[in-house]
Amino acid sequence: MTKRLTEVAKKAGVSEATVSRVLNGRDGVSEATRTAVLTALDVLGYERPTKLRGERARLVGLVLPELQNPIFPALAEVVTGTLAQRGYTPALCARTIGGVSEMDYVEMLLDHQVSGVIFAGGSYALADAKHDHYRRLTDRGLPVVLVNAGVDELGFPRVSTDDAVAVEQAYGHLRSLGHERIGMVLGPEGHVPSRRKLNAMMKVAGWDEGDAECVERSSFSMEGARVAATKLVERGVTGIICASDVLALGTIRAARRLGRSVPADVSVVGFDDSAFMTCTDPPLTTVRQPIETMGQAAVDLLVTQIEGAGVLQDELLFEPELVVRGSTAPAPGR
């Protein structure tokens, strides 16, 4: 008990006597101090006293699929900083292979009486994944915001990059360089943002079912992309649009292993403009997601729900920006 008081007092920046008064429900403590103590208790993983468990903490969960892809730490930096400015304490939950699942994180966040949850790149984006844990959040009436496209039936507010505009920009760029044989490396079949990108490509390029050989699916890993891109390059594709920067780097590796040069023989366009894409060899041409604006918008939507000001069910679409670097060049022979 003494250790708990000491840790909570240090975390909240108050005395142990103040922590004791809060936990015992005594008077003489300001609401701001009381909130700080309860939030510290939640963050440190201690259970609240029974009489205080019915109240939600000013704690917000941010659930990410991984931290190896630089785009997710970048989003986490924006979201956690914006939450702190709004008076909320962020709880970062990042999944790992063989580690805690998204479903388990949801249970942990519910146990800690969080005020809301922001998801990025979760199971909500996979049409064939289990979504029961999201429905638990709905049943609890907990405010939730999703970053980027998810399955429609969940009904949560969404903050997304406009995938159609991203494909239009990438395709237009490759066509302007004279590429006629253009392919795509996308995420899994049920991945909703990848579906949107494919639909946009079919529209802008006039594809039909016979153009399926210009599309390959992959897990969001460099190894998976290398296998997928190898097939496209062997089919004579000279321009490849990828659903992430990680997939683009795997595609460049595939081209080189086949003895092709990037960009002299094969041009590659990524998606995200995550950190260090200026430092790759060659620097990566990519479609930049407006992560800072999207992260701030996600927090604004969540706080609006928490404060009871209503829920915006419409999806907010943010326009991306094509950033041209060294991984694209005129088509061979041009």
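It should be noted that the structure appears before, not after, this text.
A. A look at the sheet that holds strand β5 (residues 158-161). The parallel open sheet is built from six strands, whose spatial order is β2-β1-β3-β4-β5-β11. Two strands lie at the open edges of the sheet, namely β2 (89-94) and β11 (315-318), each paired on one side alone. Sheet twist, expressed as the mean angle between neighbouring strand axes with direction ignored, is 15°. Bridge analysis of strand β4 (residues 144-147) against β5 gives two bridges, and the strand direction is parallel. Across the sheet, the residue bridging to V147 is V159, located in β5.

B. View of the pairing of strand β1 (residues 59-64). Along β1, six of the six residues are buried, which leaves the element largely enclosed by surrounding structure. Bridge analysis of β1 against β2 gives six bridges, and the strand direction is parallel. Residue pairing across strands places L59 opposite T89, the latter belonging to β2. Handedness of the β-α-β unit built from β1, helix α4 (residues 71-85) and β2 comes out right-handed.

C. How the structure looks around the packing of aromatic side chains. The final tally for this structure, using the stated rule, is three aromatic pairs. Ring geometry for Y124 versus Y134: centroids 6.2 Å apart, planes at 75°, classification edge-to-face. Of this pair, Y124 sits in the loop between β3 (116-120) and α6 (132-140) while Y134 sits in helix α6, and the two are 10 residues apart along the sequence. Comparing Y124 with Y134 shows no difference in burial state: the two are buried. Through a chain of ring-to-ring contacts, three or more aromatic side chains come together here, namely F119, Y124, Y134 and F156. Lying across the ring of Y88, R58 places its NZ or CZ 4.1 Å from the centre.

Quick notes on the rules
- Residues numbered from 1 in each chain as written.
- Predicted model: local features only at pLDDT ≥ 70, side-chain atom pairs only at ≥ 80, totals over all residues.
- Heavy atoms only, no water.
- Pairing = 2+ DSSP bridges.
- Helix = DSSP H or I, 4+ residues; strand = E, 2+ residues; numbered from the N terminus.
- Axes fitted to C-alpha atoms, helices over the stretch in contact; angles between N-to-C directions.
- Buried < 20%, exposed > 50% of the residue type's maximum accessible area, 1.4 Å probe, protein only.
- Right-handed = clockwise from strand over helix to strand, strands pointing away.
- Phe/Tyr/Trp six-rings, centres within 6.5 Å; stacked < 30°, edge-to-face > 60°.
- Lys NZ or Arg CZ within 6 Å of the ring centre and 35° of its normal.

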